[in-house]
2 protein chains.
Amino acid sequence: MEQPARINHPDLAEPLRSRWSPSVFDAAHEIAAADVELLLEAARWAPSAGNRQPWRYLVLPRGSAGHAALVEHLSRGNAGWVPRASLLLVSTIARGADGNDFGDLHVPLHDLGQATAHLTLQAHAMGLHVHQFAGFDHAAVAAALGVPDDALVLAGIAVGRRGDAAEVDPRDAEREQRERVRRPLGEIAFGDRWGEAWTPAEG
Amino acid sequence: MEQPARINHPDLAEPLRSRWSPSVFDAAHEIAAADVELLLEAARWAPSAGNRQPWRYLVLPRGSAGHAALVEHLSRGNAGWVPRASLLLVSTIARGADGNDFGDLHVPLHDLGQATAHLTLQAHAMGLHVHQFAGFDHAAVAAALGVPDDALVLAGIAVGRRGDAAEVDPRDAEREQRERVRRPLGEIAFGDRWGEAWTPAEG
């Protein structure tokens, strides 16, 4: 199958330039503990408001009890491709950890996203790939993994080496082949007024 | 003044390895429109749930009316260092954009964090620095920049070239010199049970 171009923008620096989210992982890949540690270090050094570091990750390599618990509660659409990833993570925030009352969760969730982006880009730099997913029974996974009521489960994170599309369900292989699209820049970047497209001429 | 070490972890890939958030920007630096565009492209290509791309940025280079409007509403602690940055951004999400009803804002805010992390790391790769800030009158800025009620202002983002500490308020120069610390890995990474420290032996 022909591969579509996966360069996000030719002038971006690596690992930003060629990061993407495959759906075909190598079910034979085993991730080294040192690699897992480095991914977590990338997240650990992300910036956060007041340096509160609200991110908490459950670390579930394939073969662990936690990996099996998460796999058991995947949505049907995720049940094929997710278990092939050599490492699953569950991203959460600790709401009231260490006496921090976050008030609304806006900023901690934003900062969790930053930490996961760091982890993702570090993975890409190491020749691994990351694909996040929301489709699982969050309450059941929280219960199975002992996530307390004052924490919030945000997403699943599949990490691994890319696999052979011939080995997987054709729907998962096809999902990878879709053209990667984004909104035009003028829809996400505004000038002096929200809603009015920014253009490089204003730079 | 001696510079503290700013390597986050020696084995991380650049630009993750040496990213940090200075408080001393070069007030003489002017950012090129092409550089602004590339920063926005980095954000644009971030991953998001369902590829909804909820991020929206106000783009306010120094000298623009929007830059002046934001500066007018900075908290006292930010009024010294923020205006020196050659580019200010305001990160927002469009709550109901394009018929998307996000329900709660958890996932869009998480994804905004991812996009801003991408922008930040791209900036670092280009020799620029980024320091986000929350201390401004969000409602006044939203009003001044025409942010609609169905959008949410999350943060300010200062972007620029690093400046000379001798030119700035000593408090801003000192802020930069604080030791950069993070929680130990075992506080943010758990094994099969939330709250139980993950260790590399489990990898």
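This is a predicted model, so every value here is computed, not measured.

Cut-off values and rules
Residues numbered from 1 in each chain as written. Chains lettered and ligands numbered in written order. Predicted model: local features only at pLDDT ≥ 70, side-chain atom pairs only at ≥ 80, totals over all residues. Heavy atoms only, no water. Least-squares fit on C-alpha atoms with pLDDT ≥ 70 in both. Contact = heavy atoms within 4.5 Å. pLDDT = per-residue confidence, 0-100. Phe/Tyr/Trp six-rings, centres within 6.5 Å; stacked < 30°, edge-to-face > 60°. Buried < 20%, exposed > 50% of the residue type's maximum accessible area, 1.4 Å probe, protein only. Lys NZ or Arg CZ within 6 Å of the ring centre and 35° of its normal. Helix = DSSP H or I, 4+ residues; strand = E, 2+ residues; numbered from the N terminus. Pairing = 2+ DSSP bridges.

## A look at the relation of the copies chain A and chain B
Between the two copies of the chain lies a relationship made up of a rotation around an axis and a movement along it.
Turning to step 1, where the next piece is worked out: You can overlay chain A on chain B at an RMSD of 0.0 Å; the transform is a turn of 180° with a shift of 0.0 Å along its axis. Accordingly, the operation relating the two chain copies is best matched by a two-fold axis.
Turning to step 2, where the next piece is worked out: When the interface residues of chain A are mapped onto chain B, 100% of them again fall at the interface, so both copies present the same face.

## Re the confidence of the model for chain A
Turning to step 1, where the next piece is worked out: Of all residues in chain A, 93% attain a pLDDT of 70 or more, and the chain-wide mean is 92.
Turning to step 2, where the next piece is worked out: The ipTM assigned to the predicted complex is 0.95, against a pTM of 0.95.

## Let's talk about the packing of aromatic side chains
Turning to step 1, where the next piece is worked out: Under the defined criterion, the tally for this structure stands at eight aromatic pairs over all chains.
Turning to step 2, where the next piece is worked out: Note on Phe190 of chain B and Trp194 of chain B: the rings are 4.8 Å apart at their centroids and 55° apart in plane angle, and the pair reads as tilted.
Turning to step 3, where the next piece is worked out: Using a relative accessible area of 4% as the deciding quantity, one classes Phe190 of chain B as buried.
Turning to step 4, where the next piece is worked out: Put simply, the rings of Phe25, Trp81, Phe133 and Phe136 of chain A touch in pairs and so form one group of aromatic residues.
Turning to step 5, where the next piece is worked out: Positioned over the ring face of Trp20 of chain A is Arg6 of chain A, at 3.4 Å from the centre of the ring.

## Describing the pairing of strand β1 (residues 55–61) of chain B
Turning to step 1, where the next piece is worked out: Most of β1 of chain B sits inside the fold, with seven of its seven residues counted as buried.
Turning to step 2, where the next piece is worked out: With burial as the criterion, each face of β1 of chain B is covered, one bearing Trp55, Tyr57, Val59 and Pro61 of chain B and the other bearing Arg56, Leu58 and Leu60 of chain B.
Turning to step 3, where the next piece is worked out: Sheet analysis places strand β5 (residues 189–190) of chain A next to β1 of chain B, joined by two bridges and oriented parallel. Across the sheet, the residue bridging to Phe190 of chain A is Leu58 of chain B, located in β1 of chain B.
Turning to step 4, where the next piece is worked out: Note: β1 of chain B against strand β2 (residues 87–94) of chain B, seven bridges, orientation antiparallel. The partner of Val59 of chain B across the bridge, within β2 of chain B, is Leu89 of chain B.

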